[in-house]
Structure formats: C-alpha cells, structure tokens
Amino acid sequence: MLKFDKIKLISSIDNINVIKENAFEKIVKNDVITSLKFNRITPYLLYIEIDFLENELVIEFSGKILGIDYKKLISAATIRQCFENINALEVCTLNVEEILEDAIVVKCDVTQDVYCEDTSSITNYIRSNISNYHSYTPKLLRNGNFVVEKNVTTRQSKKRLTIYNKNKEMNRIDNRKFMNEYNIPDTEFDNMCRFEINLNSIAQITLIQKIFGVLF
C-alpha cells in the first residue's frame with residue numbers, strides 16, 4: 001500500500017462548504033473575489049484554496065495532520081481520517097466521499113519507513129553503488145539528509161529521493177512541539193530510516209498508479 005508524507009489534490013469547488021469565511025484570505029481582483037485561501041504551517045501543513053475562476057478546490061496537507069497517528073502516514077487506510085481532521089477544525093466542511101471519487105493528485109511525497117540502527121550505512125552503500133554520475137547526483141545536505149537527484153531539465157522528468165534519520169528529524173525544536181502537543185512518545189521514531197520520493201507532475205503520479213494501482 002502506497003503511503004505519503006505530503007499530498008496535493010484538486011477537486012470540484014462543489015465539495016467544500018465554508019463555515020468561517022474570516023479564516024480564509026480573500027483574493028480580490030477588479031473588486032471581485034477570485035479565490036479564498038486558508039493556510040497553516042504548524043502543527044502541520046494545511047493549505048486550502050477555493051478558486052472561483054477555475055471552479056477548483058485545491059487541498060494540500062502533510063502527514064502530521066493525523067496527529068498522534070502521524071506514524072501511519074497518508075494512505076488509503078488513513079485518507080478519510082485526514083479529511084475528518086480538517087473538518088474538525090470547523091472552518092469548512094469537505095464532502096469526503098465526493099473528493100475521494102473525483103479528486104486528482106497533482107503532487108505527492110511517496111514515503112516508506114524502515115527500521116535501521118544506522119541510516120548512514122544505507123546512504124553510504126547507495127552512494128558507492130551509483131554507477132552513472134552523469135544521470136544521478138548524490139548529495140549529503142547540511143542537515144544530514146542524503147539526496148539522490150536525476151539530472152534532467154524538465155519538471156516532468158525530475159526525480160528526487162531523500163533518505164534521512166526520522167528520529168533525528170523529529171527531535172528538532174519545531175517537531176518536538178508537535179510531538180508534545182499530541183503526546184507522541186519520544187521513542188516513536190527510534191531507529192527509523194525514511195525514504196521519500198517527491199513526485200511533482202501528473203505524468204509521474206500516473207505512472208505510479210499504473211504500477212501500484214489507484215492511490216486511494
């Protein structure tokens with residue numbers, strides 16, 4: 001089953017009912033409201049846009065929207081819970097079933113967690129076994145994340161794999177606040193190595209669907 005740490009969907013504007021309009025930023029052009037935008041960064045990413053010109057509903061959120069169940073990530077098993085948690089904010093009501101029926105995934109981070117006591121041993125192995133450095137560029141970032149990127153010029157062909165120590169990431173200050181807010185145990189991500197592939201085009205996502213089946 002595919003899992004995601006972040007996902008962006010486009011659905012019909014008919015699948016949202018605004019409860020608190022003052023929670024949304026109004027975008028006005030020529031004295032006409034063209035869109036409403038709701039954006040929050042903490043304790044999780046949530047972006048909702050109602051585009052009146054395109055008649056589209058855009059929703060983007062991170063796996064942290066699951067709160068104490070964050071470790072489960074976004075998947076077919078948890079997607080309804082994600083939308084229910086959005087509805088629980090009481091700024092809008094989403095028609096969950098309709099969104100699942102007609103939404104198009106336009107961006108996602110495909111994610112897999114594996115238990116490993118030494119993440120660096122995995123990244124060192126991958127780095128030493130990349131045979132074509134013209135096609136792929138490995139990078140070790142300052143924060144310790146290991147990134148492998150495909151050397152391409154078009155967005156549709158771009159591929160980026162990130163590998164990192166999830167426990168180390170969750171011990172950063174902003175993530176500690178998230179852990180404390182939802183009473184997540186300190187040991188929840190011990191010895192966990194995360195693999196994350198960023199898909200930024202419908203063509204790439206369609207290919208994943210062909211290989212693994214429908215996303216939800």
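Only a predicted model underlies this, so the values are computations on that prediction, with no experimental measurement involved.

Chemist: What should I look at first to understand the pattern of salt bridges in this one?
Modeler: Side-chain pairing between opposite charges can occur once the charged atoms of the two side chains come close. One pass over the structure, following the stated rule, counts nine salt bridges. Linking Glu-21 and Lys-26 is a salt bridge whose minimum nitrogen-to-oxygen distance equals 3.1 Å. Overall, the relative accessible area of 38% leaves Glu-21 in the partly exposed class. The partner of Arg-160 in a salt bridge is Glu-149, and the shortest N-O contact between them spans 2.9 Å. With a gap of eleven residues between them, Arg-160 in strand β11 (residues 160-165) and Glu-149 in strand β10 (residues 146-150) connect regions that are remote in the sequence. Taking the relative accessible area as the measure of exposure, Arg-160 reaches 28% and is therefore partly exposed. Here Glu-149 falls in the buried class, since its relative accessible area comes to 14%. Taken together, the shared-partner salt bridges in this structure form one network comprising Asp-5, Asp-113 and Arg-194.

Chemist: Could you clarify how one ought to interpret helix α5 (residues 173-181) in this entry?
Modeler: Every α-helix winds through 3.6 residues per turn, so residues three or four apart in the chain are directed the same way. Within α5, the full set of buried residues consists of Asn-175, Arg-176, Phe-178 and Met-179. Down the axis, α5 shows its buried residues gathered within 160° of arc, on one side only. Every exposed residue of α5 that faces more than 90 degrees away from the buried side is listed here: Ile-173, Asp-174, Lys-177 and Asn-180. Turning to α5, the residues buried within the fold contact α4 (166-170). Two residues or fewer after α5 comes Asn-183, characterised by a positive phi angle close to 55°.

Thresholds applied
- Residues numbered from 1 in each chain as written.
- Predicted model: local features only at pLDDT ≥ 70, side-chain atom pairs only at ≥ 80, totals over all residues.
- Heavy atoms only, no water.
- Salt bridge = Lys/Arg side-chain N within 4 Å of Asp/Glu carboxyl O.
- Buried < 20%, exposed > 50% of the residue type's maximum accessible area, 1.4 Å probe, protein only.
- Helix = DSSP H or I, 4+ residues; strand = E, 2+ residues; numbered from the N terminus.
- Arc of directions from axis to C-beta.
- Contact = heavy atoms within 4.5 Å.

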